[in-house]
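# Coordinate analysis (summary)
Okay, here's what each chain looks like letter by letter:
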Amino acid sequence: MKLQRKNRLRAIAAGALVVSSAVALTACGSDDNSKSNGGESQGASNIKCEGKGNLLASGSSAQKNAMDLWIRNYTAACGSTKVNYKATGSGAGIQEFLQGKTAFAGSDSALKDEEVAASKKVCKDSQAINMPMLGGPIAVGFNVNGVDKLTLDAETLAKIFNSDIKNWNDEAIQKLNPDAKLPDLKIQAFHRSDESGTTDNFTKYLKAAAPSAWPHEPGKAWEGEGGQSADGSSGVSSQVKQVNGAISYFELSYATSGSLKTVDLKTGAAAPVQATTDNASKAIAEAKVVGKGKDLALELAYDTKAEGAYPITLVTYEIACEKGNSSDTLEATKSFLTYLSSEDGQKVLKERGYAPLPAEIATKVRSTVTSLS
């Protein structure tokens, strides 16, 4: 009897050791999952992992830096799902989605009526909808030796990008920058070669704020006269970094990561406005939801004169079918987009130069994502 009792005590002690070891390992695992390699909070404990397999998406290069972080955080928590996002540009991303090649698309401008109509072929008994996921300033980056600070207004920018102003010491630029030593140097204006939502938003600003100086209609494809082109936000920002006399437009995150100087905008407010996430948020807060039903397309105030509001902003949408999504990817899509629109997903955006969604819009996006079918 004593021997049996000793054996039982040993078994209990061994079991306790196993349990305590498992708890310790679990705690270590939780610590590892709560931080990314860079020390950024993942909020992994709040991610609800659903679905598995490969989740393919493409589109906006504007959100690439945010998407890289989102994917890293999500897959750290949900290892059974592999998310592959290709930053092909908004136009190409929408086309791939309309061809049924991807689960969702990223676009820096809402779907056009003809794109919504085309989506009914891939969305069974339904259509695609726009879900805003992040915002941010489109910075105007420049590289002019000896010039560290530059202020421009919409009219001057429009004339620069339409090749009506060709030299950096032009009278119009000098008038806006009386203390700057502007060189007699040719302006090298770069625009996107691919169809881009960033181009769409930038030209919407030019058209709204300087209609007489910008005679072209806004759009994803560049319509301005002259200039040089490069592919993607990474392409045009690289040209600005390398070429003396260069100027272009791209998301603030590219300016930040490339240590590029950016233009302050004279908008009609008391002081020129810097391209910052907080200043972009002030402009985005004026946006109105113009989409119908579950569609959350926004109308931005490109010609705002509000104090501290930076008007060249964009909102990037994730585009998916309201109904009729592929059963193979539906659960994973909803799980991933739920994380993106969550408080955890939104709060990491400032680290990469993006503006989180206003709380009211973020709440509507989460509700829409939940309803996808």
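Look up: the structure comes first, before these words.
Notes on the structure follow. Since this is a predicted model, take the numbers as computed values, not measurements. (Residues numbered from 1 in each chain as written. Predicted model: local features only at pLDDT ≥ 70, side-chain atom pairs only at ≥ 80, totals over all residues. Heavy atoms only, no water.)

## Here we look at the overall build of the chain
The condition is simple: For the purposes of this entry, the term helix denotes a DSSP run of H or I that reaches at least four residues, the term strand denotes a run of E that reaches at least two, and both are numbered from the N terminus. Only protein chains enter the accessibility calculation, which uses a 1.4 Å probe. A residue is then buried if its area is under 20% of the maximum for its type, exposed if over 50%, and partly exposed in between. The contact rule is simple, with two residues in contact once any of their heavy atoms fall within 4.5 Å. Here, Shrake-Rupley sampling with a 1.4 Å probe gives the accessible areas, and only protein chains in the shown set may cover a residue.
A count of helical and extended segments in the chain gives 13 helices and 13 strands. Of all 373 residues assigned to the chain, the portion counted as buried reaches 51%. In the chain, once contacts between residues fewer than 6 apart in sequence are set aside, the share between residues at least 24 apart is 75%. Counting only carbon and sulfur atoms, one obtains 50% of the accessible surface of the chain, whose full area is about 17,100 Å².

## Some remarks on the side chain of Asp295
Just so we agree on the cut-off: Under the convention used here, Asp and Glu are negative, Lys and Arg are positive, and both His and the chain ends fall outside the count. Salt bridge, as applied in this entry: a Lys or Arg side-chain nitrogen positioned within 4 Å of an Asp or Glu carboxyl oxygen.
When you line up the elements, Asp295 lands in the loop between strand S11 (288–289) and strand S12 (298–299). Put simply, Asp295 is tucked away with no salt bridge, and the nearest opposite charge, on Lys292, sits 10 Å away. In this structure, Asp295 is in contact with Ala128, Ile129, Asn130 and Val289, ignoring residues within four places of it in sequence.

## Considering helix H13 (residues 359–371)
The line we're drawing: Each residue after the first adds 1.5 Å to the expected span of a helix. For this quantity, the arc is that covered by the directions from the helix axis to the C-beta atoms.
With 13 residues, H13 should reach 18 Å at 1.5 Å per residue; the first-to-last C-alpha distance of 19 Å fits that figure. Taken together, the buried positions of H13 are Ile361, Ala362, Val365, Thr368 and Val369. The arc enclosing the buried residues of H13, seen along the axis, measures out at 120 degrees, which places them on a common side. In H13, the exposed positions angled more than 90 degrees off the buried face are occupied by Ala359, Glu360 and Thr370.

## A word on the pairing of strand S8 (residues 246–251)
Operational definition: Only strands joined by at least two bridges in the DSSP assignment are considered to pair.
Of all six residues in S8, six are buried; the element is thus mostly enclosed. In this sheet, S8 lies alongside strand S4 (residues 128–143) in antiparallel orientation, the contact comprising six bridges. Paired with Phe142 across the strands is Ile247, a residue of S8. Where strand S6 (residues 188–192) lies against S8, two bridges are found, and the strand directions are parallel.

## Regarding the packing of helix H5 (residues 154–161) against helix H7 (residues 197–209)
What counts, and what does not: Note on definitions: angles span 0 to 180 degrees between N-to-C directions of axes, and those axes are lines fitted to C-alpha atoms, for helices only across the stretch in contact. Note on terminology: angles under 35 degrees are roughly parallel, angles over 145 are roughly antiparallel, angles of 65 to 115 are roughly perpendicular, and the others are oblique. Should the near helix be turned anticlockwise from the far one by less than a right angle, the crossing is termed left-handed; should it be turned clockwise, right-handed. Side-chain classes follow a simple rule in which Ala, Val, Leu, Ile, Met, Phe, Trp, Tyr, Cys and Pro form the nonpolar group, Asp, Glu, Lys and Arg form the charged group, and the remainder, Gly included, forms the polar group.
Packing of H5 against H7 leaves a shortest axis separation of 9 Å and a crossing angle of 125 degrees. Taken as axis vectors, H5 and H7 run oblique relative to one another. In terms of crossing hand, the pair formed by H5 and H7 is left-handed. Taken together, the residues of H7 that come into contact with H5 (itself represented by Ala154, Leu157, Ala158 and Phe161) are Phe202, Tyr205, Leu206 and Ala209. A class-by-class count of the residues in the contact of H5 with H7 yields eight nonpolar, no polar and no charged.

## Some thoughts on the state of the cysteines
For clarity, the threshold we go by: Disulfide assignment relies on a single distance test, namely cysteine sulfur atoms paired within 2.5 Å.
Inspection of every chain in the model, using the stated rule, returns two disulfides. In this model, Cys49 is linked to Cys78 through a disulfide, with the two sulfur atoms separated by 1.9 Å. Judged by the sign of its S-S torsion, about -80 degrees, the cystine formed by Cys49 and Cys78 is left-handed. Taken together, the residues Cys49 in the loop between helix H1 (2–33) and strand S1 (53–59) and Cys78 in the loop between helix H2 (64–77) and strand S2 (81–86) connect sequence positions 29 residues apart. On the basis of relative accessible area, Cys49 is assigned to the partly exposed category, the value being 35%.

## Considering the environment of Ala297
In this fold, Ala297 is placed in the loop between S11 and S12. Taking the C-alpha atoms as reference points, Ala297 and Pro132, 165 residues apart in sequence, are found 7.1 Å from one another. The residues touching Ala297, leaving out its near neighbours within four places in the chain, are Ala110, Asn130, Lys288, Val289, Val290, Gly291 and Tyr317.

## Here's the deal with unusual backbone geometry
Although it is not a glycine, Asp125 sits at a positive phi angle of roughly 55 degrees. Within the fold, Asp125 resides in the loop between helix H4 (113–119) and S4. The class for Asp125 is exposed, based on a relative accessible area of 81%. Even without being a glycine, Ser163 presents a positive backbone phi close to 65 degrees. Secondary-structure assignment places Ser163 in the loop between H5 and helix H6 (171–176).

## Things to note about the pattern of salt bridges
Counted by the stated rule, this structure contains 11 salt bridges. Across the pair Asp68 and Lys64 runs a salt bridge whose closest N-O atoms are separated by 2.8 Å. Linking Asp68 with Lys64, this pair stays in helix H2, spanning four residues, or about one helical turn. Note that Glu155 and Lys159 form a salt bridge whose closest N and O atoms lie 3.2 Å from each other. Of this pair, Glu155 and Lys159 are both found in helix H5, four residues apart, which corresponds to roughly one turn of the helix.

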